[in-house]
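# Close look at the chain arrangement
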Amino acid sequence: MTTAESLLAGPRGRRMLLAYARDAERTLHSEFRSDSFDHAVFLASYHLESGREGARVLFGPGAEEARRTVLTADDVAHRLSQVPLPEVTAVALRSALADAVDAARYWQDPDGEDILVDTEPVRRELRRVAEHIARSPHAQWWTTPAATDQWSVGWSEDDTDPVDSTTTELLRDYRDRTAAEEVRAERDRPADPSANWSGWWWSTPPTRCSSRRLFDGTPAGLWFVEDSMGWERAITRRMNIPAGARVYEVDGAQAWAELCRQFPVEVTAQKRHDWYRTTGRSGRWVIPDWPRLSERYEGVHLTVAGYLAAAGTAIAVDTDTDTDTASVIAGWAPDDTYWLTDTVNLDSDDSRTWVCDTSGRHPSWVGETHR
């Protein structure tokens, strides 16, 4: 069962709770109000990140007054305590989750809203939202294992399969590139984790990914995209999954840490700058060895609850003083399943084209029969 503690545990979970509360308030008061919780979040977040490189900039009517209006985390928490929480709907919950996923950034410091929801006063008030959501039947699938009905999402304008290599070839090439990049990064990049340097910050396998269909028949991968590009057209294809396929379930930080303990790959030099910025941790970094893992499992699935609790955090792998290591779930989306063997493939005869309709209060994906 999804719990309030798991929803409060990680930055993505807290952002989901924040998005849900803001949307709940807008449902009751669609017009702008200077004393609203939503406006307080905007002002407090602006001041928390003000002056940083890449921070939001205010301009236009009212900008000067907004710059002078400083609201504290206590102010935000008080306004949050006044927001009535309506009955949870599947649409509202999906929208809040999608917003939290889209706001993920693993190559920069946490933004103002991430900082705000990690303050003690706001976290304290977010617990009410977390408990409200955790009781809803619409959140119960967040802890379930990978579904047998899986769909891959492609954002290409044509309907061709963008993956030309076999899974085995992709993993072999990935292993070689990762090892070579670690050697180059160790040689060429500064050891100071705070240096202005960026690289390949993902910790995903290089293979096909898929997700389940949601309550309205749309694949989860249409909705949950980190740092999305605003795509409005997609093609989904059913995955052929053999009976008895072995799928490793990542339902939280411990499950990810266990993967890294059993199958570690050193990536400190190539990840240290990005992962320091996003987690604040300096030290040794590892990721799972996906080629070796493919010898034991057909796929790896990240539950929604696991994503909300652990994505973007520094996950301790080995706390021994001599080999202190950690890892980050970065670039994954909730309910992603990555496939590691060629026994899982696309069904070329079962595909659909989807177009995003943004005319309503919440976006919707409208499906068409793919020809």
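Coordinates for the structure precede this section.
Quick summary incoming for the structure in this document. Quick caveat, the model's predicted, so the values are computed rather than measured.

Looking now at the layout of surface pockets. The calculated volume of the second largest pocket comes to roughly 490 Å³. Around the second largest pocket sit 25 residues that line it, and Ala98, Asp99, Asp102, Trp223 and Pro363 are the ones nearest its centre. Mapped onto the lining of the second largest pocket, the elements with two or more residues apiece are α2 (11-28), α6 (90-102) and α10 (220-223). In terms of residue count, the dominant contributor to the lining of the second largest pocket is α6 (8 residues). Considering only residue class, the lining of the second largest pocket consists of 13 nonpolar, 5 polar and 7 charged.

Another point: the packing of aromatic side chains. According to the stated counting rule, one finds 12 aromatic pairs in the structure shown. Each ring, one from Trp275 and one from Trp285, has its centre 5.3 Å from the other, and the planes form 80°; the classification is edge-to-face. Separated by 10 residues along the polypeptide, Trp275 in helix α12 (residues 268-279) and Trp285 in strand β6 (residues 284-288) bring together distant segments of the chain. Note on Trp275: relative accessible area 0%, which makes it buried. An aromatic cluster of three or more residues is present, and its members are Tyr106, Trp107, Trp200, Trp201 and Trp202.

For any two helices packed against each other, one specifies the inter-axial angle together with the distance between the axes. The geometry of helix α5 (residues 73-81) relative to helix α8 (residues 120-134) is characterised by a closest axis approach of 8 Å and an angle of 15° between their N-to-C directions. As the angle between them shows, α5 and α8 are arranged roughly parallel. Crossing handedness for the pair α5 and α8: left-handed. Of the residues in α8, those touching α5 at Ala73, Asp74, Val76, Ala77, Leu80 and Ser81 are Pro121, Val122, Arg124, Glu125, Leu126, Arg128 and Val129. When its residues are assigned to classes, the contact of α5 with α8 shows 8 nonpolar, 1 polar and 4 charged.

Helix length check: α8 (15 residues) gives 20 Å between terminal C-alpha atoms against 21 Å at 1.5 Å per residue, within 8%. Bending of α8 peaks at approximately 25° at the position of Leu126. Listing the buried residues of α8 in full gives Pro121, Val122, Glu125, Leu126, Val129, Ala130, His132, Ile133 and Ala134. Buried residues along α8 sit in contact with α1 (4-9), α2, α5, α6 and α7 (112-117).

To continue, consider unusual backbone geometry. Here the phi dihedral of Asp227 falls at roughly 50°; this positive angle occurs in a residue that is not glycine. On the secondary structure map, Asp227 appears in the loop between α10 and β3 (233-240). You will see that Asp335, though not glycine, has its phi angle at about 75°, which is positive. Relative to the assigned elements, Asp335 resides in the loop between β9 (325-327) and β10 (337-339).

This brings us to the pattern of salt bridges. If you walk through the whole model with that rule in mind, you get 29 salt bridges. With its nearest N and O atoms 2.9 Å apart, the salt bridge here joins Asp216 to Arg94. Residue Asp216 is found in the loop between β2 (209-210) and α10, and its partner Arg94 is found in helix α6; the two are separated by 122 residues along the sequence. Residues Arg187 and Asp188 are paired through a salt bridge, measuring 2.9 Å at the closest nitrogen-oxygen approach. For Arg187, a relative accessible area of 57% translates into the label exposed. Overall, Asp188 belongs to the partly exposed group, its relative accessible area being 44%. Beyond isolated ion pairs, a larger network of salt bridges with shared partners links Arg12, Arg15, Arg22, Arg26, Asp38, Asp111, Glu113 and Asp114.

What counts and what doesn't
Residues numbered from 1 in each chain as written. Predicted model: local features only at pLDDT ≥ 70, side-chain atom pairs only at ≥ 80, totals over all residues. Heavy atoms only, no water. 1 Å grid on protein atoms, 1.4 Å probe; cavity = no way out; pocket = protein on both sides within 12 Å on 5 of 7 lines; lining within 4 Å. Points joined across faces, edges and corners; volume = space filled by probe spheres on them. Helix = DSSP H or I, 4+ residues; strand = E, 2+ residues; numbered from the N terminus. Nonpolar A, V, L, I, M, F, W, Y, C, P; charged D, E, K, R; others polar. Phe/Tyr/Trp six-rings, centres within 6.5 Å; stacked < 30°, edge-to-face > 60°. Buried < 20%, exposed > 50% of the residue type's maximum accessible area, 1.4 Å probe, protein only. Axes fitted to C-alpha atoms, helices over the stretch in contact; angles between N-to-C directions. Parallel < 35°, antiparallel > 145°, perpendicular 65-115°, else oblique. Left-handed = near helix turned anticlockwise from the far one by under 90°. Contact = heavy atoms within 4.5 Å. Expected span 1.5 Å × (residues − 1). Bend = angle between axes of the 7 residues up to and from the residue. Salt bridge = Lys/Arg side-chain N within 4 Å of Asp/Glu carboxyl O.

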